[in-house]
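# Understanding the architecture of this molecule
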Amino acid sequence: MDLVTSYPQLQLDHTSNQLQNPNATAATGQTIRNVSCCPLQVKQWNKITDDKLDHMWSTILEKFTFEYSDARKGAIFGHMNALYRYYRHKLKKKYFDSKATYSLRLRNKPKDMDVKDWKYLINLWTENTFQERRNKNKTNRCKHSMPPYTGTKSFARLRDHMKKKNGKTSSRLELFLESRKRKQGKEIDPISQEAIEKFQQLKKQREEEQISLDDDAMFADVLGPEKNSYIRAYGPKKNVTEYFSARPTKIELLRQLDTSRREANERVQQIQKEASEQVNDVKKQMDEKLAEMNRIWEQKFKMLLEKNNNIASPMEDSQDDEIGG
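Since the model is a prediction, treat every value here as computed from it, not as a measurement.

### Here we look at the pattern of salt bridges
Applying the stated rule across the entire model yields seven salt bridges. With its nearest N and O atoms 3.6 Å apart, the salt bridge here joins E194 to K198. One end of the pair is E194 and the other is K198, both in helix 9 (residues 190-207) and four residues apart, which spans about a single turn. With a relative accessible area of 43%, E194 lands in the partly exposed category.

### A word on the packing of aromatic side chains
Two aromatic rings, taken as a pair, are described by how far apart their centres are and by the angle between their planes. What the rule picks out here adds up to nine aromatic pairs. Ring centres 5.6 Å apart and planes at 55° place the aromatic pair W57 and F77 in the tilted group. Highlighted residues: W57 in helix 2 (residues 50-63) and F77 in helix 3 (residues 70-96), separated in sequence by 20 residues. Judged by its relative accessible area of 7%, W57 is buried. Classification of F77 as buried rests on a relative accessible area of 14%. Pairwise contacts between aromatic rings join W45, W57, F77 and Y84 into one cluster. Here R105 stacks its cationic end above the ring of F96, 3.9 Å away from the centre of that ring. When the ring centre of W297 is taken as reference, the NZ or CZ atom of K300 above it lies at 5.1 Å.

### Digging into helix 7 (residues 155-166)
Over its 12 residues, helix 7 runs 16 Å from end to end, which matches the ideal 16 Å to within 8%, given 1.5 Å per residue. Burial in helix 7 covers these residues: F155, A156, R157, L158, R159, D160 and M162. After helix 7 finishes, the residue G167 shows a positive phi value of roughly 80°.

### Regarding the confidence of the model for the chain
Taken as a whole, the chain shows an average pLDDT of 78; of its residues, 78% reach a score of 70 or greater. Mean pLDDT values for the elements of the chain range from 56 in helix 11 (residues 240-244) up to 94 in helix 5 (residues 115-126). pLDDT under 50 marks residues 1-8. Its contacts with residues more than four places away, or in other chains, come to 25 contacts.

### Some remarks on a nonpolar patch on the surface
On the surface, L290, M293 and W297 cluster together into a nonpolar patch covering about 350 Å² of accessible area. Inspection of the secondary structure assignment puts L290 in helix 12 (residues 248-324).

### A word on the state of the cysteines
In the structure shown here, the tally under the stated rule is zero disulfides. For the unlinked cysteine C37, the closest cysteine sulfur is that of C38, found at 8.1 Å. Overall, C37 belongs to the buried group, its relative accessible area being 6%.

### What to know about the side chain of S170
Assignment of secondary structure puts S170 in the loop between helix 7 and helix 8 (172-179). Judged by relative accessible area, S170 falls into the buried class, the value being 5%. Beyond its immediate stretch of four places on either side in the chain, S170 contacts M162 and L175.

### Observations regarding the nonpolar core
Membership of the largest hydrophobic core comes to 29 residues, with the highest contact counts inside it found for I32, W45, I48, M56, M80, W118 and W125. Of all elements in the fold, only helix 1 (22-32), helix 2, helix 3 and helix 5 reach the threshold of two or more residues within this core. For this core, the leading source of residues is helix 3, giving nine residues. When sequence neighbours within four positions are dropped, the list of residues in contact with M80 reads T28, T31, I32, W45, M56 and I60. L173, I196, F199 and L213 belong to the second largest nonpolar core, which has 13 residues in total.

### Describing the packing of helix 8 against helix 9
Packing of helix 8 against helix 9 brings their axes to within 11 Å, and their N-to-C directions diverge by 135°. One finds that helix 8 runs oblique with respect to helix 9. For the pair helix 8 and helix 9, the sense of crossing is left-handed. Packed against helix 8, whose contacting residues are L173, F176 and L177, the element helix 9 presents A195, I196, F199 and K203 at the interface. A breakdown of the residues in the contact of helix 8 with helix 9 according to their chemical character gives six nonpolar, no polar and one charged.

Cut-off values and rules
- Residues numbered from 1 in each chain as written.
- Predicted model: local features only at pLDDT ≥ 70, side-chain atom pairs only at ≥ 80, totals over all residues.
- Heavy atoms only, no water.
- Salt bridge = Lys/Arg side-chain N within 4 Å of Asp/Glu carboxyl O.
- Helix = DSSP H or I, 4+ residues; strand = E, 2+ residues; numbered from the N terminus.
- Buried < 20%, exposed > 50% of the residue type's maximum accessible area, 1.4 Å probe, protein only.
- Phe/Tyr/Trp six-rings, centres within 6.5 Å; stacked < 30°, edge-to-face > 60°.
- Lys NZ or Arg CZ within 6 Å of the ring centre and 35° of its normal.
- Expected span 1.5 Å × (residues − 1).
- pLDDT = per-residue confidence, 0-100.
- Contact = heavy atoms within 4.5 Å.
- Patch = residues over 30% accessible without salt bridge, like charges linked within 9 Å, V, L, I, M, F, W, Y side chains within 5 Å.
- Areas by Shrake-Rupley, 256 points an atom, 1.4 Å probe, with all protein chains shown as cover.
- Disulfide = S-S within 2.5 Å.
- Core = buried A, V, L, I, M, F, W, Y, C linked by side-chain atoms within 4.5 Å.
- Axes fitted to C-alpha atoms, helices over the stretch in contact; angles between N-to-C directions.
- Parallel < 35°, antiparallel > 145°, perpendicular 65-115°, else oblique.
- Left-handed = near helix turned anticlockwise from the far one by under 90°.
- Nonpolar A, V, L, I, M, F, W, Y, C, P; charged D, E, K, R; others polar.

As structure tokens, this is what we get:
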């Protein structure tokens, strides 16, 4: 790809079509913050008209040259959509949420923003429908487990950074572990911590040649199969078929077969262990019952002997009396 302007080269992750280099991300960010290209007076990205989208795409083509495909165009627009939402989120947090009343918010306009655009955003953010959707999204986000701690850095950029650092392409497992690192002193969520410990245990078993799972198999073993054709640790625009070069059902069957075999072996071992423990318990119980029965018979035998001795003593006394008389 040859650069046609002073902008940096547009680097795309060929596995996900996501932007890799931060400078290209900055260039697309400038495009979405330019109201002549990307309007603010829309409820969300998918409400932007086609003529505006065409204008933005023309701007991208003027800045960069790269091999075109519909998938790449969709991926770049998907990235710009994320930047657009994040840009509006920052505006809302800094200039809207910090003020309590409508009039204060209206006066707290960003310096370089048109009054009409700002007033539109204020009215949008105060609508009941927007508030309901916001609360619903907030509730759904709270349900998400194992969040990455990479901020706005995409998996494509993280993967590219790790490739430059390590000299090889990182697996999804390595990417997962890297994206769940936090700054010193900050805790990792317990679900992520549990998954990390399981990964470390499996990697240790592989090093000791106890198992022969590759990184993808370990990833699926700990986190489960992929859902909704979405490949974790790759971000959007990457589905199961593209990643594995096979139909999802076939992959699931192969993994289920492997999992079933492993679970069956574990179950057999568990049953054998339980059976052995049960045999030992039964033997112990039998020994205890036999010992108890022996004790009881010994007591009965002793009582019989004592009774016979008591009966024999009077008879001997009467015989002695007869002899003496």
